[in-house]
Amino acid sequence: MQISAAVWRSPEGAPALERLDLDEPRDDEVLVRIVAAGICHTDLFSALRFPLPAVFGHEGAGIVERVGARVGKVRRGDRVALTFGSCGHCARCHSGDVAYCENGHQLQFSGKRADGSTTLRDAAGLAVHGSFFQQSSFATHAIASERNVVKVPDALPLELAAPLGCGVQTGAGAVLNTLAARPGTSIAIFGSGSLGLSAVMAARLAGCATIIAVDVREDRLELARELGATHVFDARQGDTVGRIRAATRGRGVNYAFETAGVVQTFNDAIECLARQGTCAIATIPKLGAPFEWSPLNLLLRAARLVVCIEGDSVPDLFIPQLAELQLAGRLPYERFCRDYPFEQFLTAWDDAEQARTIKPVLRMG
């Protein structure tokens with residue numbers, strides 16, 4: 001079928017809306033008419049690492065239009081959020097750790113289905129890489145697998161269902177699942193983007209007594225305070241670790257969550273831990289390039305450094321829980337979302353890159 005999609009043809013050039021041909025859904029696949037799609041930080045650098053030409057987008061939400069013969073979880077007309085792909089047959093999937101699927105990297109970043117086929121063709125009949133996170137939702141329609149579509153409540157607007165697919169579930173899941181924060185504890189959250197602010201709200205839900213947000217933007221710190229932070233620190237003022245320790249009577253925090261991907265904040269997030277504290281990271285500085293770091297502070301404090309992928313989420317369980325929290329007013333992430341018509345894709349993309357908007361959400365119309 002013919003669709004409209006944002007296509008990247010070079011890492012440096014701007015994407016353009018093009019008409020593409022999308023495959024019909026296979027027996028285990030779902031065709032979704034995309035109504036909304038969030039722009040996530042991972043989208044912003046993927047053209048540097050992903051095979052091109054390509055269509056990105058991994059926070060889609062929409063209406064199921066067709067399902068394959070072996071699909072039983074959803075049916076035509078269902079309202080769904082699209083999330084990350086998982087294979088369903090590896091040891092990690094069988095243990096319930098689907099965010100750590102042994103085939104996850106291939107499914108998210110190869111640009112192809114699990115069998116190596118592509119779902120998209122351009123006007124010349126040439127393959128375009130899709131299946132980004134098994135969806136490529138910067139388009140009017142997307143092919144997803146049965147495993148990465150999740151039904152959402154009818155009352156939840158689809159433009160608010162979209163960010164649940166990655167950003168909100170990762171930030172909230174880091175606190176509720178990865179760190180399993182306990183009531184009365186302390187946490188420092190580095191970065192007040194969609195992950196960090198979702199983590200702030202989750203820390204409040206978990207009953208953390210001290211919730212510290214660290215950023216370099218006053219407007220984001222003020223929003224973090226409104227969403228539940230008990231302390232906000234501007235990193236530009238220096239000695240962030242000293243101020244965190246002062247706020248915790250010298251002990252340091254039980255938990256830290258680093259979302260900024262900056263060498264300084266990476267080190268600060270570890271340095272501010274209390275004894276036997278835990279730091280979770282959801283991104284890495286310099287896009288993975290080596291940098292100088294010593295694990296001595298972890299050893300001296302008997303602390304832990306853990307990786308958080310997709311908030312350790314089981315999407316079929318966690319996304320509906322987050323949706324219900326949002327509808328109850330307990331997870332008001334709409335406070336940092338802004339809608340853009342799909343035709344204004346370049347404006348939304350630039351606003352995301354320049355940090356003018358925390359969570360741009362494209363509306364396909």
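Above this text sits the structure in question.
Below you will find a few notes about this structure. Here the structure is a predicted model, which is why all the values come from computation and not from measurement. Residue numbering note: each chain is counted from 1, following its sequence as written. Where local features are concerned, this predicted model is filtered to residues with pLDDT of at least 70; where side-chain atom pairs are given and counted, the filter is 80 or more; whole-chain, interface and lining totals use all residues. Calculation of side-chain values draws on the structure's entire complement of heavy atoms; hydrogens and water are dropped beforehand.

1. Some points on the packing of aromatic side chains
Heads up, the rule is: In this scheme Phe, Tyr and Trp rings, the latter by its six-membered ring, pair at centre separations within 6.5 Å, and the angle between planes marks the pair as stacked below 30 degrees, edge-to-face above 60, and tilted otherwise. The helix count covers DSSP runs of H or I at least four residues long, the strand count covers runs of E at least two residues long, and both are numbered beginning at the N terminus. Partly exposed residues are those whose accessible area sits between 20% and 50% of the maximum for their type, while under 20% is buried and over 50% is exposed, using a 1.4 Å probe and protein chains only.
Inspection of every chain in the model, using the stated rule, returns 16 aromatic pairs. Ring plane angle 70° and centroid distance 5.0 Å describe the contact between Phe-56 and Phe-132, whose orientation is recorded as edge-to-face. Of the two residues, Phe-56 is situated in the loop between α1 (41–45) and β4 (60–67) and Phe-132 in the loop between β7 (127–128) and β8 (141–145); the sequence distance between them amounts to 76 residues. The same class applies to Phe-56 and to Phe-132, which are both buried. Relative to Phe-133, the ring of Phe-109 has its centre 5.3 Å away and its plane inclined at 80°; by these criteria the two rings are edge-to-face. Of this pair, Phe-109 sits in helix α3 (residues 104–109) while Phe-133 sits in the loop between β7 and β8, placing them 24 residues apart in sequence. Owing to a relative accessible area of 29%, Phe-109 belongs among the partly exposed residues under this scheme.

2. Concerning the sheet that holds strand β15 (residues 304–307)
Operational definition: Strand pairing follows a simple DSSP-based rule, namely that at least 2 bridges must link the two strands. For helices, the fitted line uses only the C-alpha atoms of the stretch in contact; every axis is such a line through C-alpha atoms, and the angle between N-to-C directions lies from 0 to 180 degrees.
On the basis of which strands lie adjacent, the open sheet formed by six strands has the order β12-β11-β10-β13-β14-β15 and parallel pairing. Of all the strands in the sheet, the pair left with one neighbour each is β12 (231–234) and β15. Across the sheet, the axes of successive neighbouring strands diverge by a mean angle of 20°, strand direction being ignored. In this sheet, β12 lies alongside strand β11 (residues 210–215) in parallel orientation, the contact comprising four bridges. Bridged to Ala-213 within β12 is Val-232.

3. Side note on the pattern of salt bridges
Operational definition: Salt bridge, as used here, is a side-chain nitrogen of Lys or Arg placed within 4 Å of a carboxyl oxygen of Asp or Glu.
Following the criterion strictly, the structure yields 20 salt bridges and no others. Measuring nitrogen to oxygen at the nearest pair gives 2.9 Å for the salt bridge that ties Lys-359 to Glu-59. Placement of Lys-359 in strand β17 (residues 359–363) and of Glu-59 in the loop between α1 and β4 is noted, with a sequence separation of 300 residues between them. For Lys-359, a relative accessible area of 1% translates into the label buried. Notably, a salt bridge pairs Arg-335 with Glu-226, separated by 2.3 Å at the nearest N-O pair. Highlighted residues: Arg-335 in the loop between α11 (315–327) and β16 (337–341) and Glu-226 in helix α7 (residues 218–227), separated in sequence by 109 residues.

4. Looking at the sheet that holds β7
The antiparallel open sheet is built from four strands, whose spatial order is β1-β2-β6-β7. Since the sheet does not close on itself, it has two edges, and those belong to β1 (2–7) and β7, each with one partner. Looking at chain direction, β1 and strand β2 (residues 16–22) are connected through six bridges and run antiparallel. Residue pairing for β2: Val-7 is matched across the bridge by Ala-16.

5. Regarding α7
Rules: Working note: the arc is built from the helix axis to C-beta atom directions.
Turning to α7, its buried residues are Arg-220, Leu-221, Leu-223, Ala-224 and Leu-227. Buried residues of α7, seen end-on, are gathered within an arc of 160° and therefore sit on one face of the element.

6. Some thoughts on the packing of helix α5 (residues 167–178) against helix α6 (residues 194–206)
Put simply, the rule is: Oblique is the label for any angle not under 35 degrees, not over 145, and not in the 65 to 115 range, which are roughly parallel, roughly antiparallel and roughly perpendicular in turn. By convention, the crossing between two helices is left-handed when the near helix turns anticlockwise from the far helix through less than a right angle, and right-handed when the turn is clockwise. We call two residues contacting when some pair of their heavy atoms lies within 4.5 Å. Residue classes follow a fixed rule: Ala, Val, Leu, Ile, Met, Phe, Trp, Tyr, Cys and Pro count as nonpolar, while Asp, Glu, Lys and Arg count as charged, and any other residue, Gly among them, counts as polar.
Orientation of α5 relative to α6, taken along the N-to-C sense of each, is 40°, at an axis distance of 7 Å. Relative to α6, the element α5 is oriented oblique. By crossing handedness, the relation of α5 to α6 is classed as right-handed. Side by side, α5 and α6 meet where Gly-167, Val-168, Thr-170, Gly-171, Ala-172, Val-175 and Leu-176 of the first sit next to Ser-194, Leu-195, Ser-198, Ala-199, Ala-202, Ala-203 and Ala-206 of the second. For the contact of α5 with α6, a count of residues per class yields nine nonpolar, five polar and no charged.

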